[in-house]
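Commentary on secondary and tertiary structure
Listed below, chain by chain, are the residues.
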Amino acid sequence: MATQREILKRINSVSSTKKITKTMEMVSTAKMKKMQDRLTSSTPYAEKTDMIISHLMESGIMNIDEPLMKERSGSNKVLLISISGNRGLCGGYNTNVINNTINFKEKLETEEGKEVLLYAIGNKGINYFRFINQLIYKSIPNHEDKLVFNDASDMGLEMINQFLNKEIDEVYISYTAIITSSTQKPAIIKLLPISFSNDTDKNNIHSKNIEYIFEPGPDKVLSSLLPLYIKVKIYNSLLESSFSEQFARRVAMKNATDAATDIVKGLTIKYNRARQAKITNEIAEIVGGAAAL
């Protein structure tokens, strides 16, 4: 049985750990709220962009010769963007998105025979891909607390140029999507070539029987909006991933704090029992000594 000193030492150690996890939980909650505010500001803009494009598609330009919307026959080179975090201690957040990326990459390579270029965002993903000797086409850290739209804009322009120059044929993003405020799951969306089938169906209800006059014309307006559409999609993917990471870290730290509380309670009971046993033993020794005299 452990001595009082050993139990007390462990109680102090667990209590110190509890303070750390509690602080990390509070920091994650603050960062999560910050990301939530950014998403709240960005989502209406993204939805409005989708709605405008939906109206343009309904104006009779479905057969427009737009390069960013053209499916290429025999497309072989795919750019796969994987968004993970820079740090751990967030449960299965990084593991889930990395596994989803690897499974999708293997599917493209084995089943469809495509060449996949891996674009890793976030140190956790970068380090893991290097650990398993996975070739990385390009990598950048994921500074979720310093994220601005210009970062997504630069990435979007780079991918648009590569796509138009036929350096790549398709672009996918592997990230963690927000289903509800308390539910997130790994997801993969196709970024290029652009397809509006889902968004159009979603917005048709609001645009039926409404006629618009476009100047200089729906095709020109659509062409100018498509690059913005791509940038907004990348930006929202980064924001949703960052929110999901902070949410997962907050939950993990809360669970760790609760577990530390339970451990301290159990150790305190053991400490009290050990102390009581020692006192009882000392009393028995005194009584035994007195009886011997």
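Report follows, based on the coordinates. Keep in mind that this is a model prediction, so the values were computed, not measured. (Residues numbered from 1 in each chain as written. Predicted model: local features only at pLDDT ≥ 70, side-chain atom pairs only at ≥ 80, totals over all residues. Heavy atoms only, no water.)

A short note on the overall build of the protein
Assigned secondary structure in the protein consists of six helices and five strands. Along the protein, helices (α) and strands (β) appear in the sequence α-β-α-β-α-β-α-β-β-α-α when read from the amino end. Buried residues in the protein amount to 41% of all 293 residues. A fraction of 79% describes how many contacts in the protein between residues 6 or more apart in sequence connect residues 24 or more apart. With the model as given, the accessible surface of the protein reaches about 16500 Å², and the carbon-plus-sulfur share is 54%. (Helix = DSSP H or I, 4+ residues; strand = E, 2+ residues; numbered from the N terminus. Buried < 20%, exposed > 50% of the residue type's maximum accessible area, 1.4 Å probe, protein only. Contact = heavy atoms within 4.5 Å. Areas by Shrake-Rupley, 256 points an atom, 1.4 Å probe, with all protein chains shown as cover.)

Quick word on the pattern of salt bridges
Oppositely charged side chains are able to pair whenever their charged atoms sit close together. Counted according to the given criterion, the structure contains 10 salt bridges. For Lys-190, the salt bridge is made with Glu-170, and the minimal N-O distance between the two is 3.4 Å. Here the residue Lys-190 occupies a position in strand E5 (residues 183–192), and Glu-170 occupies one in strand E4 (residues 170–180), the gap between them amounting to 20 residues. A relative accessible area of 35% places Lys-190 in the partly exposed class. (Salt bridge = Lys/Arg side-chain N within 4 Å of Asp/Glu carboxyl O.)

Description of a nonpolar patch on the surface
A cluster of nonpolar side chains, Tyr-128, Phe-131 and Ile-132, forms an exposed patch at the surface whose accessible area comes to about 310 Å². Along the chain, Ile-132 turns up in the loop between helix H3 (123–131) and strand E3 (138–140). (Patch = residues over 30% accessible without salt bridge, like charges linked within 9 Å, V, L, I, M, F, W, Y side chains within 5 Å.)

Notes on the packing of aromatic side chains
As enumerated under the stated definition, the model contains three aromatic pairs in all. Ring geometry for Phe-104 against Tyr-172: centres 5.0 Å apart, planes inclined by 65°, an arrangement best described as edge-to-face. Here Tyr-172 lies in strand E4 and Phe-104 lies in helix H2 (residues 93–110), a separation of 68 residues in the sequence. Considered together, Phe-104 and Tyr-172 belong to a single accessibility category, that of buried residues. Seen from their ring centres, Phe-243 and Phe-247 are 6.4 Å apart, and the 25° between their planes marks the pair as stacked. Of this pair, Phe-243 and Phe-247 both sit in helix H6 (residues 218–292), four residues apart, which is roughly one turn of that helix. Exposure remark for Phe-243: the relative accessible area of 3% places this residue in the buried category. (Phe/Tyr/Trp six-rings, centres within 6.5 Å; stacked < 30°, edge-to-face > 60°.)

Concerning H6
One full turn of an α-helix is made of 3.6 residues, so residues set three or four places apart face in the same direction. Between the first and last C-alpha of H6 there are 108 Å, a value that for 75 residues agrees with the 111 Å anticipated at 1.5 Å per step. Of all the bends in H6, the largest measures some 30° and sits at Leu-225, one to four residues before the proline Pro-227. (Expected span 1.5 Å × (residues − 1). Bend = angle between axes of the 7 residues up to and from the residue.)

Let's talk about the sheet that holds E3
Reading across the sheet, the five strands line up as E3-E2-E1-E4-E5 and stay open at both edges, with mixed pairing between neighbours. Since the sheet does not close on itself, it has two edges, and those belong to E3 and E5, each with one partner. With direction set aside, neighbouring strand axes in the sheet form an average angle of 25°. (Pairing = 2+ DSSP bridges. Axes fitted to C-alpha atoms, helices over the stretch in contact; angles between N-to-C directions.)

Considering the pairing of strand E2 (residues 115–121)
For E2, the buried fraction is high: six of the seven residues fall into the buried class. In this structure, strand E1 (residues 77–83) lies alongside E2, joined through seven bridges in parallel fashion. Across the sheet, Leu-79 pairs through a bridge with Leu-117, a residue of E2. In this fold, E1 hands off to H2, which returns the chain to E2; that crossover is right-handed. (Right-handed = clockwise from strand over helix to strand, strands pointing away.)

Remarks on helix H4 (residues 149–164)
Between its terminal C-alpha atoms H4 stretches 22 Å, which fits the 22 Å expected from 16 residues at 1.5 Å a residue. Along H4, the residues classified as buried are Ala-152, Ser-153, Met-155, Gly-156, Met-159, Ile-160, Gln-162 and Phe-163. Buried residues in H4 make contact with E1, E2, E3, E4, E5 and H6. Just beyond H4, the residue with positive phi is Lys-166, at close to 65°.

Describing the nonpolar core
The biggest cluster of nonpolar side chains holds 41 residues, and the ones touching the most others in it are Leu-68, Ile-81, Met-159, Val-171, Ile-194, Ile-230 and Ile-234. Of all the secondary structure elements, the ones that give two or more residues to this core are helix H1 (4–57), E1, E2, H4, E4, E5 and H6. Of all the elements, H6 adds the most residues to this core, at 12 residues. When sequence neighbours within four positions are dropped, the list of residues in contact with Met-159 reads Leu-79, Ile-81, Tyr-119, Ile-168, Val-171, Leu-191, Leu-192 and Ile-234. Counting residues in hydrophobic clusters, the runner-up holds 14 residues, among them Ile-98, Leu-118, Ala-120 and Tyr-172. (Core = buried A, V, L, I, M, F, W, Y, C linked by side-chain atoms within 4.5 Å.)

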